[in-house]
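# Architecture and fold: a report
Each chain, letter by letter, is given below.
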Amino acid sequence: MAIKNILVAYNGSESSDAAVHSAVLAHDKYGAHVTGLFAHASATSRLGRYTWVPDTVRQTLDELEADAHAGIGERFTAAIAGRVPEDRLHWIESGGESDATVADYARMYDLTIVGRRDVLQGSRRLELHPDRIAMRSGRPVLVVPRDYRPERIHEHAVLAWDGHRTATRAMNDAMQILETKQKVTVLSIDDGERGRALEGIDVATALARHGIDVEMAEPPLGKKSVGQAILDFCDEEGAGLLVMGAYEHSMFREELLGGVTRFVLENAKLPILISH
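Quick notes on the rules
- Residues numbered from 1 in each chain as written.
- Predicted model: local features only at pLDDT ≥ 70, side-chain atom pairs only at ≥ 80, totals over all residues.
- Heavy atoms only, no water.
- Phe/Tyr/Trp six-rings, centres within 6.5 Å; stacked < 30°, edge-to-face > 60°.
- Helix = DSSP H or I, 4+ residues; strand = E, 2+ residues; numbered from the N terminus.
- Buried < 20%, exposed > 50% of the residue type's maximum accessible area, 1.4 Å probe, protein only.
- Axes fitted to C-alpha atoms, helices over the stretch in contact; angles between N-to-C directions.
- Parallel < 35°, antiparallel > 145°, perpendicular 65-115°, else oblique.
- Left-handed = near helix turned anticlockwise from the far one by under 90°.
- Contact = heavy atoms within 4.5 Å.
- Nonpolar A, V, L, I, M, F, W, Y, C, P; charged D, E, K, R; others polar.
- Polar contact = N/O pair within 3.5 Å; in protein donor to acceptor, adjacent residues only side chain to side chain.
- Core = buried A, V, L, I, M, F, W, Y, C linked by side-chain atoms within 4.5 Å.

Below, the discussion takes up the packing of aromatic side chains. In the structure shown here, the tally under the stated rule is three aromatic pairs. Their ring planes at 70° and their centres at 5.3 Å tell us that Tyr10 and Phe76 sit as a pair that is edge-to-face. Separated by 66 residues along the polypeptide, Tyr10 in the loop between strand 1 (5-9) and helix 1 (14-30) and Phe76 in helix 3 (residues 55-80) bring together distant segments of the chain. Since its relative accessible area comes to 1%, Tyr10 is described here as buried. Exposure remark for Phe76: the relative accessible area of 2% places this residue in the buried category. Ring-pair connections join several aromatic residues into one group, and the members of that group are Tyr10, Phe76 and Trp91.

For any two helices packed against each other, the geometry comes down to the angle between their axes and how far apart the axes lie. Relative to each other, helix 4 (residues 98-106) and helix 5 (residues 130-137) sit at 50°, their axes nearing to 8 Å. Considering the angle they form, helix 4 stands oblique to helix 5. Seen along the crossing, helix 4 lies across helix 5 with a hand that is right-handed. Contact with helix 4, carried on its side by Asp99, Ala100, Val102, Ala103 and Ala106, involves Arg132, Ile133, Arg136 and Ser137 of helix 5 and no other residues of that element. Of the residues assigned to the contact of helix 4 with helix 5, the class counts are five nonpolar, one polar and three charged.

Turning next to helix 4. Turning to helix 4, its buried residues are Ser98, Asp99, Thr101, Val102, Ala103 and Ala106. The secondary structure elements touched by the buried residues of helix 4 are strand 1, strand 2 (33-40), strand 3 (89-95), strand 4 (111-115) and helix 5. Backbone nitrogen of Asp99 and a side-chain oxygen of the N-cap are separated by 3.3 Å at the start of helix 4; the cap is Glu97.

What follows concerns the nonpolar core. By size, the foremost hydrophobic cluster in this structure holds 42 residues, and its most contacted members are Ile6, Ile113, Leu159, Leu178, Leu207, Val243 and Leu273. No other element matches helix 1, which puts seven residues into this core. For Leu178, the residues in contact, after removing those within four places along its chain, are Ala157, Met171, Val184, Leu207, Ile212 and Val243. By size, the runner-up hydrophobic cluster in this structure holds 34 residues, among which are Leu7, Leu128, Leu265 and Ile272.

Listed below in C-alpha cells is the structure:
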C-alpha cells in the first residue's frame, strides 16, 4: 500500500517551505493528497486569565493575528501553486497548541512532514517540534532540513537498526516508503546495546520478504558518537532518507543530557523519518 495521504505542518517558516517541497516530491511519486495544516494558539486565548486587559486591546490583537494568519495561508498557496492538482490539495487552519494539534491531525494521515524546528522570533506559539509531534501522535514524522530542496527524491534509504523497540516501530512505520526504494541499507553500529540475534530470522530477511533490495552495513564506531557515526555514513553513501526510532531512552533524559535522537535531528543534512 503506497503513501496516499500526506499532512504538511506549515507555519510560514523557511523550514516549513522545505517541508512543502518534500511533500510535492512525494505527491509526484505516489500521487498522494497533500494537506497543509496551520495550527496556532491565539494570543487572546492566552490572555484569558488577565481580566485587566481591555477589550479594545484584545480586539486589536485578534485583527493583527487574522492578517498574519491570512498571510501564512497565502504563502503556503504560493509555495505549492501549480505543483499539486486542486482536487488533491487541501488547507486546514486550526486553533490550539501547535504540537498537540498537529499530533491530533497526524493520526489521520499516512505521513506527516515537518520542517526541522525554526525559532520564530516573537511567535513561539507557532513553533513546531517534530520529535514531540511523533511522540504524541504515534505516527511517523518526516523531518526536513531548512535548505533541503532536491529536484527529485533520492532512492537510497538508510535504516538505523539496533533491534530495539523504537527502531522496530520506525522500520514498520516506514515500510510503505522502504518498499518503493531502489536500495535500502540497514546500518547497525555496535555500541554495546544492540538487541540479541534471533534464530531463523534477521532484519535483512524481514525486509527482503517485502521485495526490498537490502544491504547490511556495520561500520566501526571508533571514537565517534553513535549519532555522528550515523550521519557520517549517510553523507558518505549519499543517502536521501534516514529512518530511525526516536527516543529509546526518555525524551527528558535526551533533552537534558543529549542523545542520539537529539544529535541527529539537530545536525542531519538529509530528511529523517522518525517514529516512536
